[in-house]
Amino acid sequence: MDKAAYEQYKYINGPMHAAQRHDSAHKHVAGSAEYIDDIPEPAGLLHGALGMADRAHATILSMDLSAVRAAPGVVWVVTGKDVPGVNDVSSGGHHDEPLLAEDKVQFHGQPIFAVIAETRDQARRAARLAKVEYQDLPHWSDIDGALQYGAAVVTPGMTLKRGEPEAELDKAEHRLKGQMRIGGQEHFYLESHIAMAIPGEDDDITVWSSTQHPSEIQHVVGHVLDIPSHAVTVNVRRMGGGFGGKETQGNQFAALAAIAAKKLNRAVKFRPDRDEDMTMTGKRHDFRMDFDVAYNSDGRIHALAANFAARCGYSADLSGPVTDRALFHADSSYFYPHVLLTSQPLKTHTVSNTAYRGFGGPQGMLGAERVIEEIAYALGKDPLEIRKANFYGEAGSGRDITPYHQLVEDNIIAQVVEELETSSDYQARRKAILDFNASSRIIKKGIALTPVKFGISFTLTAFNQAGALVHVYQDGSIHLNHGGTEMGQGLYTKVAQVLADAFQVDIERVKITATTTGKVPNTSATAASSGSDLNGMAAYDAARQIKERLVAFAVEKYGVTADDVQFLPNRIRVGADEIPFPEFVRHAYFGRVQLSAAGFYKTPKIHWDRASGRGTPFYYFAYGASCSEVSVDTLTGEYLMERTDILHDVGRSLNPAIDIGQIEGGFVQGMGWLTTEELWWDGKGRLRTHAPSTYKIPLASDRPKIFNVKLADWSQNAEPTIGRSKAVGEPPFMLANSVLEALSMAVASVADYKHCPRLDAPATPERVLMAVERLKRI
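Every chain begins its residue count from 1, and numbering advances along the sequence as written. Under the rules for a predicted model, residues below a pLDDT of 70 receive no local features and side-chain atom pairs below 80 are neither given nor counted, while totals for whole chains, interfaces and linings still include all residues. Excluding hydrogens and water, the side-chain figures rest on all heavy atoms present in the structure.

Counting from the N terminus, the helices are DSSP H or I runs at least four residues long and the strands are E runs at least two residues long. Helix and strand content of the protein chain: 20 helices and 29 strands. As defined in this context, the radius of gyration uses C-alpha atoms, and a globule is described by 2.2 Å times the residue total to the power 0.38. Since a compact globule built from 778 residues should have a radius of gyration of about 28 Å, the 27 Å found for the protein chain is in line with a globular shape. If one aligns the C-alpha atoms of the protein chain with their principal axes, the spans along those axes are about 85 × 75 × 50 Å. Under the scheme applied here, a residue whose accessible area is under 20% of the maximum for its type counts as buried, over 50% as exposed, and between as partly exposed, the area being computed with a 1.4 Å probe on protein chains only. Counting every position in the protein chain, which comprises 778 residues, the buried fraction comes to 62%. Contacts between residues were defined by any pair of non-hydrogen atoms, one from each residue, lying within 4.5 Å. Considering only contacts within the protein chain whose residues lie at least 6 apart along the sequence, 80% involve residues at least 24 apart. Surface accessibility follows the Shrake-Rupley procedure with a 1.4 Å probe radius. Residue values consider only the protein chains on display as shielding. Approximately 28900 Å² of the protein chain is accessible, and the part contributed by carbon and sulfur atoms is 51%. In this charge count, Lys and Arg are treated as positive and Asp and Glu as negative; neither His nor the chain ends contribute. By convention, charge coordinates are those of NZ in Lys, CZ in Arg, CG in Asp, or CD in Glu. Here the protein chain holds 81 positive side-chain charges and 95 negative ones, and the gap between their average locations is 2 Å.

Written as structure tokens, this is what we have:
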């Protein structure tokens, strides 16, 4: 037997825990990966474009669309009155987000009509010909304006309380109050929103949508067309990025394409350009945190009260759960003996903000790091010393309960931080930086080491379920379908590895197929970092059912016991015989064994009562830590990322190569949020940072010069997740907090570290320079 044959005999290619390449990596590089705009266009395809309001808040007095209808190539002009069912595409049943505004507009760029034309260019040109008269109404586009005008909340806020914070704030040795502003963020996926609808017979319609939530698209299309969900099929093979921006925001494009397709009995496609996409789709929520903290001379927090006010936009969208999760993570990795946390999801006349990687968690966690930083500068200590003093303790220590009354039973943050502190040589480097800053007049350096503790699960318990459909064909090939969507994060590859491992066959035998509502129904969004956890377990359940049938078949056919049947690499041992997997499957087929199964999984142990602010909303926590070093030019505010070291906990990694890629990407995206990515609305409520020319995501040259990323390979999930792995989608994003903290140290050196610089996010060079000048005057 040659070496290649022996390796195939001894091992399979692509099991769980192996570093397997992304299934579409070669296609991404070659440009052959098929996205919706690459699908061959059906004969007679029409194109849609949106007519958008140019007021932030106004009553529509009249809308003359005659010139639009008369424009070349125009087939139909759609208004709110043309919606066959309900003119609403809101998420969660709020009924506050019209597909097309009819009487009132509530943000600049809100869709008020749509044009369907023979070509995309004709549709876009025609959309600009409308004549609309408005009566302007008062508007506010930021948190301060909303508070000044006494704005309503788009959904009720939440309160988390434990202990007696009101009384205990006066009982510690020290007390201080502060405020931090935390900016929003544009998703900037490479593929903009897009939907294509093809009508079928009777009520049937098929929609291709770039969405993280096919089932929600299915529901929304059904509602606007007034047809049942069984008539709507939604397909998603892959997205060119999502990051949460395609969880709810694709609703309007899919709904409009479906309405036009059914009305005209022709296929219809909607694809906004980058400016339109950025103007009319939601972003990460920006927050203002106001806090009051009491602490002792050792830096330990005794009591904390904090309010998180958020710019939510004109409708609820996902602002309720986003602001909830901000409170869930306002403890970061720290135990607060007495705590009161409140949220204010404020209505503003801006596009409705939505899900974004971390889902409010980064804003809450960053607020906690500001509190730690304020205490450290007030006491003249290293912020890392204050962090370690406030870490959650071991289970049963009395320092193991969160503000929402969940016990932290799997705490490894101290071990993660200690290991990174040693491997990054933090203490020696910090001393060297202090010495450097003392002798350098213009260039100042900073270093910071920050922790991550992130809860994994949807906080709405019902979303923590998933299904999968697995077929084993007569030739031994395997067809896999599940409810998760692929947006570049490697979910399809990981779930295929689960099946390869379960059946002990090479991953090449597993066909990964497009997500579709026609195969797996009632799916949850691919969000909350739960894609692999939920869908991997559902696929494993389907494989388990088929394997049990195969074992039962072998027992009956060959007269052996179940213990005599063993799945080996690409073959099955039955007693003393070894039968190749395809051959055994053929035997099973002729033995009339069902070779298909629908798997299902629901996350155990979780429950949540929002009204009381108590429960166990998270199945487990993912941990991590990062150490970043920066250099700042105090004359210009410009800075460089010198080095970042990361140690991150993914449990027993399903795929180390993909997980490290997720950690690197999450960190850089978080770094952009905290440094260069700034959203800005002008006095008329117009988003002015709506293109790459004015909105700056990180470049390859912005990454740290030295970038060390390591998995905590000693970690294993205490809960029985798939392969004992942990989620990796969102937690790494918050590793970037070390960048802002390092910048803060560099700025603080200007005033001999005696004052907290109070850098707001994003800490653009302009903000850094202003902080430097402010500290110079103290």
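This brings us to the sheet that holds strand S14 (residues 301–313). Strands were regarded as paired on the criterion that DSSP finds at least two bridges between them. If you trace the 5 strands from one edge of the open sheet to the other, you get S7-S15-S14-S13-S8, paired in mixed fashion. Edge positions in the open sheet fall to strand S7 (159–162) and strand S8 (174–182), since each of these has one partner strand only. When strand polarity is set aside, the average angle formed by the axes of neighbouring strands in this sheet is 10°. Pairing analysis gives 4 bridges linking S7 to strand S15 (residues 338–347), with the strands arranged antiparallel. What sits directly across from Arg 162, in S15, is Val 339. Whenever a helix is involved, its axis is fitted only over the stretch in contact; in every case the axis is a line through C-alpha atoms, and angles between N-to-C directions fall within 0 to 180 degrees.

Another aspect to go through is the environment of Trp 140. Inspection of the secondary structure assignment puts Trp 140 in the loop between strand S6 (131–136) and helix H5 (143–148). A residue is classified by how much of its surface remains accessible, and Trp 140, at 15% relative accessible area, is buried. With 83 residues separating them in the primary sequence, Trp 140 and His 57 have C-alpha atoms 8.7 Å apart. If we ignore the near neighbours within four places in the chain, the residues touching Trp 140 are Gly 145, Ala 146, Tyr 149, Ala 151, Lys 347, Thr 348 and His 349. Only 2.8 Å separates the side chain of Trp 140 from the backbone oxygen of Lys 347, close enough to count as a polar contact. Polar contacts, as counted here, are pairs of nitrogen or oxygen atoms within 3.5 Å of one another; within protein the pair requires one atom able to donate a hydrogen and one able to accept it, and residues that are adjacent in sequence qualify only if both atoms are side-chain atoms.

The next point concerns the packing of helix H11 (residues 361–379) against helix H12 (residues 383–390). Here H11 crosses H12 at 120°, and the two axes come no closer than 8 Å. Between H11 and H12, the angle is such that the two are oblique. Every pair of crossing elements has a handedness; the one defined by H11 and H12 is right-handed. Contacts between H11 and H12 involve Glu 369, Ile 372, Ile 375, Ala 376 and Leu 379 on the former and, on the latter, Pro 383, Ile 386, Arg 387 and Asn 390. In terms of residue class, the contact of H11 with H12 is made up of 6 nonpolar, 1 polar and 2 charged. Roughly parallel means an angle under 35 degrees; roughly antiparallel, over 145; roughly perpendicular, 65 to 115; everything else is oblique. Should the near helix be turned counterclockwise from the far one by less than a right angle, the crossing is left-handed, whereas a clockwise turn marks it as right-handed. Each residue gets one of three labels, nonpolar for Ala, Val, Leu, Ile, Met, Phe, Trp, Tyr, Cys and Pro, charged for Asp, Glu, Lys and Arg, and polar for the others, Gly among them.

This paragraph deals with the pattern of salt bridges. One speaks of a salt bridge when a side-chain nitrogen belonging to Lys or Arg is within 4 Å of a carboxyl oxygen belonging to Asp or Glu. Evaluated as defined, the whole model comprises 48 salt bridges. Between Asp 121 and Arg 125 there is a salt bridge whose closest N-O contact spans 2.9 Å. A residue pair is termed a helical-turn pair when its members lie 3 or 4 positions apart in one helix, as Asp 121 and Arg 125 do in helix H4 (residues 120–127) at 4 residues. Residue class for Asp 121 comes out partly exposed when judged on its relative accessible area of 44%. What emerges from the salt-bridge pattern is a single network uniting Asp 37, Glu 41, Lys 269 and Arg 271.

Attention now goes to the nonpolar core. To qualify as a nonpolar core, a set must consist of buried Ala, Val, Leu, Ile, Met, Phe, Trp, Tyr and Cys residues joined through side-chain atoms within 4.5 Å. Core analysis: the largest hydrophobic core is formed by 156 residues, its most contacted members being Val 293, Leu 341, Leu 499, Phe 503 and Phe 667. Not counting chain neighbours up to four residues away, the residues in contact with Phe 667 comprise Ser 628, Met 641, Thr 644, Ile 646, Pro 704, Phe 707, Pro 732, Leu 735, Ala 736, Ser 738 and Val 739. Membership of the second largest hydrophobic core comes to 35 residues, among which are Val 78, Ile 205, Val 221 and Ala 257.

Below, the discussion takes up the packing of aromatic side chains. Any two aromatic rings considered together are summarised by their centre-to-centre distance and by the angle between their planes. Between the rings of Phe, Tyr and Trp (Trp by its six-membered ring), a pair exists once the centres lie within 6.5 Å; its type follows the angle of the planes, with under 30 degrees stacked, over 60 edge-to-face, and the other angles tilted. A full pass over the atoms with the stated rule returns 19 aromatic pairs. For the ring pair Phe 328 and Tyr 404, a centre distance of 4.9 Å and an interplane angle of 80° mean the geometry is edge-to-face. Pair noted here: Phe 328 is in helix H10 (residues 319–328) and Tyr 404 is in the loop between H12 and helix H13 (413–423), with a separation of 76 residues, a long-range link. Each member of the pair, Phe 328 as well as Tyr 404, is classed as buried. Through pairs of rings, three or more aromatic residues link up here, namely Phe 328, Tyr 404, Trp 608, Phe 618 and Phe 621. Only Lys NZ and Arg CZ are tested; either one counts as a charge over a ring when it is within 6 Å of the ring centre and within 35 degrees of the ring normal. We note Lys 445 situated over the ring of Phe 436; from NZ or CZ to the ring centre the distance is 4.7 Å. Just above the ring of Tyr 558 sits the side chain of Lys 557; from NZ or CZ to the centre is 5.6 Å.

Before going further, it helps to spend a moment on the packing of helix H16 (residues 531–558) against helix H17 (residues 581–590). Each pair of packed helices can be summarised by the angle the axes make with each other and by the distance between the axes. Taken N-terminus to C-terminus, the directions of H16 and H17 make an angle of 75°; their axes are 10 Å apart at the nearest point. The orientation of H16 relative to H17 falls into the category roughly perpendicular. The segment H16 lies against H17, with Leu 550, Phe 553, Ala 554 and Tyr 558 engaging Phe 584, His 587 and Ala 588. Taken together, the residues of the contact of H16 with H17 break down into 6 nonpolar, 1 polar and no charged.

Strand order in the open sheet formed by 4 strands is S16-S27-S28-S29, and the pairing between neighbours is mixed. Each having just a single partner strand, strand S16 (443–456) and strand S29 (706–711) make up the two edges of the open sheet. Across the sheet, the mean angle separating the axes of adjacent strands is 15° when strand polarity is ignored. Across 9 bridges, strand S27 (residues 620–633) lies against strand S28 (residues 639–648) in antiparallel orientation. Looking at S28, one finds that Ser 631 is bridged to Leu 640. Each of S16, S27 and S28 touches helix H14 (residues 426–439); the most contacted strand, S16, lies at about 145° to it.

What follows concerns H14. Expected helix span is given by 1.5 Å per residue-to-residue step, counting one fewer step than there are residues. For H14, which comprises 14 residues, the first-to-last C-alpha distance of 20 Å matches the rise-based estimate of 20 Å (1.5 Å per residue) to within 8%. Of the positions making up H14, those classed as buried are Tyr 426, Arg 429, Arg 430, Ile 433 and Asn 437. The buried residues of H14 occupy an angular sector of 100° when projected down its axis, which confines them to one face. In H14, those exposed residues whose orientation departs by more than 90 degrees from the buried face are Lys 431, Ala 438 and Ser 439. Starting at the helix axis, one direction is taken to each C-beta atom, and the arc is that of these directions.

With respect to the helices, strands and loops of the structure, Glu 166 is situated in helix H6 (residues 165–168). On a C-alpha basis, the gap between Glu 166 and His 338 in space is 8.5 Å, while along the polypeptide they are 172 residues apart.

Here the term patch refers to residues with relative accessible area over 30% and no salt bridge, with like charges joined within 9 Å and nonpolar side chains (Val, Leu, Ile, Met, Phe, Trp, Tyr) within 5 Å. A cluster of acidic side chains, namely Glu 201, Asp 202, Asp 203, Asp 204 and Asp 226, defines a negative patch on the protein surface. Structurally, the position occupied by Asp 202 is in the loop between strand S9 (195–199) and strand S10 (205–209).

This brings us to unusual backbone geometry. The residue after Ala 761, namely Pro 762, is reached through a cis peptide bond having omega 5°. Take Pro 762: it is sitting in the loop between helix H19 (737–748) and helix H20 (765–776). The backbone of Asp 752 shows a phi angle near 60°, a positive value even though the residue is not glycine. Tracing the chain through its elements places Asp 752 in the loop between H19 and H20. Given a relative accessible area of 48%, Asp 752 falls into the partly exposed group. Here Tyr 753, not a glycine, exhibits a phi torsion of approximately 60°, which is positive. Looking at the element boundaries, Tyr 753 is found in the loop between H19 and H20.

What follows is about the pairing of strand S23 (residues 577–580). Sheet topology note: the strand S22 (residues 571–574)/S23 ladder contains 4 bridges and is antiparallel. Bridge assignment links Val 574 to a residue of S23, and that residue is Asp 577.

Turning next to the environment of Val 560. Structurally, the position occupied by Val 560 is in the loop between H16 and strand S21 (565–568). For Val 560, a relative accessible area of 17% gives the class buried. Each C-alpha atom of the pair Val 560 and Val 650 lies 40 Å from the other, and the pair is 90 residues apart in sequence. Not counting residues up to four positions away in its chain, the partners in contact with Val 560 are Ala 554, Val 555, Val 565, Val 574 and Gly 575.

These figures come from the coordinates and say nothing about function on their own.
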